[in-house]
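Structural overview for review
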2 protein chains.
Amino acid sequence: MEMNLDKNGLLDEEILTSERLSLLMEEKKYALVKEELAATAAPDLAELFYELDERYHPLLFRLLSKEQAAEVFVEMDTELKEALIGRFSDRELAEILDELYIDDTVDIIEEMPANVVKRILKNSTSEDRKIINTILRYPKDSAGTVMTTEYVRFTGDMTVEEALLHIRRVAIDKETIYTCYVTGRDKRLLGIVTAKDLLISDPETPLSEIMDENVIFVHTHDDKEEVAMKLEKYDFLAMPVVDSEGRLVGIVTIDDALDVLIEESEEDFAKMAAITPTETPYLKTDVFSIWKSRIPWLLILMISSTISSAILTGFESALPAVLVLFVPMIMGTGGNSGGQSSVTVTRSISLGEVEFPDIFRVFWKELRIGVMCAVTLGVVTFFKVWLIDGLLLANDAVTLTVSLTVALSLALTIIVAKIIGATLPLLAKKIGLDPAVMASPLITTLVDAISLIVYFFVAGSVLNI
Amino acid sequence: MEMNLDKNGLLDEEILTSERLSLLMEEKKYALVKEELAATAAPDLAELFYELDERYHPLLFRLLSKEQAAEVFVEMDTELKEALIGRFSDRELAEILDELYIDDTVDIIEEMPANVVKRILKNSTSEDRKIINTILRYPKDSAGTVMTTEYVRFTGDMTVEEALLHIRRVAIDKETIYTCYVTGRDKRLLGIVTAKDLLISDPETPLSEIMDENVIFVHTHDDKEEVAMKLEKYDFLAMPVVDSEGRLVGIVTIDDALDVLIEESEEDFAKMAAITPTETPYLKTDVFSIWKSRIPWLLILMISSTISSAILTGFESALPAVLVLFVPMIMGTGGNSGGQSSVTVTRSISLGEVEFPDIFRVFWKELRIGVMCAVTLGVVTFFKVWLIDGLLLANDAVTLTVSLTVALSLALTIIVAKIIGATLPLLAKKIGLDPAVMASPLITTLVDAISLIVYFFVAGSVLNI
């Protein structure tokens, strides 16, 4: 994307379009293509690849600078990556791998089939291979799997000047040079020095004098979402990751943390809408994959809804016909009430604001909110049923007692729904299940069944049936 | 948070607890408190303030270094901030304001009542006041409202050495020094230079030689969520913001972009669960505020559910009793199907992956997914109703025709629900409504009504009633 001043002296973005690129390739104006590619950012280049005919891909890729090629490669989706690797010579593959940061290589390895992984490992340096294998052994979704090992490390006896010289030498291979780490000879973390500190300090100062010793760090096995939230909390550009011995083994940079947070919240959105999360963007996902991510949940929910049907069928004959009319309203409001609480609590869990020991505080809070909502909606319902359904629509079956039964059932259902909705995700988390799945329509199914039972119980008590 | 090696030589985090702090304050060991506070990160200090008795706040605040005081102040919630400002002398307030980045001051102003705002403006420098007033005039949720004006600006004729000297001089007041901007005398953006470029380049090199001229930027009036997504896309640490004349007026830093993304996705979660978004964390929000954020939606949904009830009441007498049994299942599955589509499309809109012109692609995609889901669930339902409800449970009323009617109605409902769920958020966005509100249970209400009409229509056609 290039920026120019147009005739009016205003800024104007001149974007390389796929039509233009395609035309230039057709006309074999490769020198011009090379120039235009060089002026385009990697994420935009990746998009151009998607839009362009596949036969241009290998040539186009070779027209990129080495650095750019690696950046664009990282931005592509699995399919495109695999196709390109298939066309790379071993030397080309080795070159790309050399340019990639190690955490990106690991990401690629994780999504490739075994034969491609083999080729990647074969064409990596033996040192990289060792690091890759270590990273691959970290538990799923742990800090170890998203960290990069390419950070800048100093020893405490270095001066600011020496540190700056060191950065100058190694910067090109490091993912960030803006937060640097001071360690002992045993790689134990002693302090943090930012590039800002280095730039504003006297060159003779020893690092031990300017480093911040109050280091906040995470462990390799910590959950990557917790790490990302911690990075966000402290406004860091990078978070140091230490092993069980307290040795610095890597850093998680803010761009990766941002990706983790977006990915995890999109997963929660999917789960709460009863969808199995997929990683590809909606428009790029094929119809079959989307169907596969949605149909199991629709089936489960459909089948579980038969529980409510069974309850309804069982009690229906015992219930005056007039009460059946209000079943959908009670079930619906119960479901919505429970949904509000479960989504709130589930997100609070994800954001690290609520944990299992808070369950009693959550219970007490939702109980009060539940009672307030129950009273409000109960009163509205009572008058609505009595005045509108009963008097205005002149339905003789809707007596004052019926209005009271409906209102009372609704109120009780709301309170129960709120408490279940708020506590179930916490219980799910405690026993190792995913709270977001609980906040999904599954909770509605449960609340549906409960609301019916409440309704029949109240009807039985009030109407003596 | 301090890091020490414990007896076993393992890393250990020694956190300042509110109990310890409270004890130290009680015993008036202020020198020790000061020392411990200095070793604690601002977000942790803010939490300590919440946990500590309010009478300690003013003194505690005065024991912080000026820099820390500003950082902690930013982390506090509105209530605490207001209480503290009320206790500040004008001089103290001016000192804090001097330490704050201008974007943080603007955030504070936006959440304070008029009299506090007046005091803040009175105690700001006239230069700051001018900038604050400009920022406050930008439209709600625009890039202008989240940008900071404290960035590092170079002219193209400066050398690397001069640039580094300049950074040294101004760094202390800038929100980031890692991405710097080269502008002409008229403040038009010419290029970008990173601190990394400066550190690895020869001191004599003019900036015009090393700067990246392919600048990606945003405008002051662009939506802040789009700006944040763009920053994420390009993996930037800061995004330059230009005015309508193309002059650089500010930057949006990645930490603020991250906050925007988290805030916006939490708002979407709330809306999709039929809750009016609030900004405070769940456990810190009082019961009344939560009730207020939930009750209007419960009321609206309850009232709108009477539409379905009315349809049901109207058709019920015309429908064989056996068909009524399957109403909850058809309505529920329709709601879930529509919910899946609407949440997917709404999030894709939020992430900038789908826009209104994609509506036909979305329609075509959901039509195919809808048909596939409809066929799967239709077949399952047909056999389930025929074999289990009909033959196994020996319900004579469940004939082959009834099974067919139920299956067909379910299938049609799913297709319609998916199309409505997917296209309604796009239409809402087009006419300026919030798509997330559409993805909320509101869509379920609509689908409920439609599924009933479909059911009666199919029953009428197949059963000739």
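**Quick notes on helix α20 (residues 359–392) of chain B**
Along α20(B), the helix axis deviates most sharply at B:Lys384, where the bend reaches about 25 degrees. Directly after α20(B), the chain includes B:Ala394, whose backbone phi takes a positive value near 50 degrees.

**Some remarks on the relation of the copies chain A and chain B**
Between chain A and chain B, the superposition needs a rotation of 180 degrees and an axial shift of 0.0 Å, giving an RMSD of 0.0 Å. Within this description, the copies of the chain are treated as partners about a two-fold rotation axis. A share of 99% of the interface residues of chain A reappears at the interface of chain B, consistent with the copies meeting face to face through the same patch.

**Here we look at the packing of helix α7 (residues 90–99) of chain B against helix α9 (residues 114–122) of chain B**
Residue and element names in this part refer to chain B. Between α7 and α9, the least distance of the axes is 9 Å, while the angle of their chain directions is 75 degrees. As the angle between them shows, α7 and α9 are arranged roughly perpendicular. Only Arg119, Ile120 and Lys122 of α9 make contact with α7, whose side of the interface consists of Asp90, Leu93 and Leu97. In terms of residue class, the contact of α7 with α9 is made up of three nonpolar, no polar and three charged.

**Considerations on the sheet that holds strand β8 (residues 248–253) of chain B**
Residue and element names in this part refer to chain B. If you trace the three strands from one edge of the open sheet to the other, you get β6-β7-β8, paired in mixed fashion. The open sheet has two edge strands with one neighbour each: β6 (218–219) and β8. In the sheet, strand β7 (residues 238–242) pairs with β8 via five bridges, with the strands oriented antiparallel. Looking across to β8, one finds that Val242 is bridged to Leu248. Relative to β7, helix α15 (residues 224–233) is tilted by about 135 degrees, and along the sheet it contacts β6, β7 and β8.

**Looking at the confidence of the model for chain A**
Residue and element names in this part refer to chain A. Scored by pLDDT, chain A comes out at a mean of 86, with 96% of its residues at no less than 70. A low-confidence stretch, residues 1–12 stays under pLDDT 50, and its non-local contacts, those more than four residues away or across chains, total 36 contacts. Of the two predicted TM-score estimates for the complex, the pTM is 0.83 and the ipTM is 0.82.

**Observations regarding the layout of surface pockets**
Size it by volume and the second largest pocket reaches roughly 440 Å³. Taken together, 18 residues make up the lining of the second largest pocket; nearest its centre are A:Leu164, A:Arg168, A:Leu199, B:Leu164 and B:Leu199. Secondary-structure elements contributing two or more residues to the lining of the second largest pocket are α12 (160–170) and α13 (195–200) of chain A together with α12 (160–170) and α13 (195–200) of chain B. Of all the elements, α12(A) adds the most residues to the lining of the second largest pocket, at five residues.

**Focus: empty space enclosed by the protein**
Enumeration according to the criterion identifies four cavities of 30 Å³ or more in this entry. Within this model, the second largest cavity holds a volume of roughly 180 Å³. In this structure, the second largest cavity is lined by 21 residues; those nearest its centre are A:Leu261, A:Ser265, B:Leu261, B:Ile262 and B:Ser265. Among the residues forming the lining of the second largest cavity, the class breakdown is 10 nonpolar, three polar and eight charged.

**Let's talk about unusual backbone geometry**
Located in the positive-phi region is A:Lys187, a residue other than glycine, with phi close to 70 degrees. Relative to the assigned elements, A:Lys187 resides in the loop between β4 (179–183) and β5 (189–194). Even without being glycine, B:Ala274 reaches a positive phi, approximately 60 degrees. Following the sequence through the fold, B:Ala274 ends up in the loop between α16 (254–272) and α17 (287–316).

**A look at the state of the cysteines**
What the rule picks out here adds up to zero disulfides over all chains. Left without a disulfide partner, A:Cys180 is nearest to the cysteine sulfur of B:Cys180, which lies 16 Å away. Taking the relative accessible area as the measure of exposure, B:Cys180 reaches 0% and is therefore buried.

Quick notes on the rules
Residues numbered from 1 in each chain as written. Chains lettered and ligands numbered in written order. Predicted model: local features only at pLDDT ≥ 70, side-chain atom pairs only at ≥ 80, totals over all residues. Heavy atoms only, no water. Bend = angle between axes of the 7 residues up to and from the residue. Helix = DSSP H or I, 4+ residues; strand = E, 2+ residues; numbered from the N terminus. Least-squares fit on C-alpha atoms with pLDDT ≥ 70 in both. Contact = heavy atoms within 4.5 Å. Axes fitted to C-alpha atoms, helices over the stretch in contact; angles between N-to-C directions. Parallel < 35°, antiparallel > 145°, perpendicular 65-115°, else oblique. Nonpolar A, V, L, I, M, F, W, Y, C, P; charged D, E, K, R; others polar. Pairing = 2+ DSSP bridges. pLDDT = per-residue confidence, 0-100. 1 Å grid on protein atoms, 1.4 Å probe; cavity = no way out; pocket = protein on both sides within 12 Å on 5 of 7 lines; lining within 4 Å. Points joined across faces, edges and corners; volume = space filled by probe spheres on them. Disulfide = S-S within 2.5 Å. Buried < 20%, exposed > 50% of the residue type's maximum accessible area, 1.4 Å probe, protein only.

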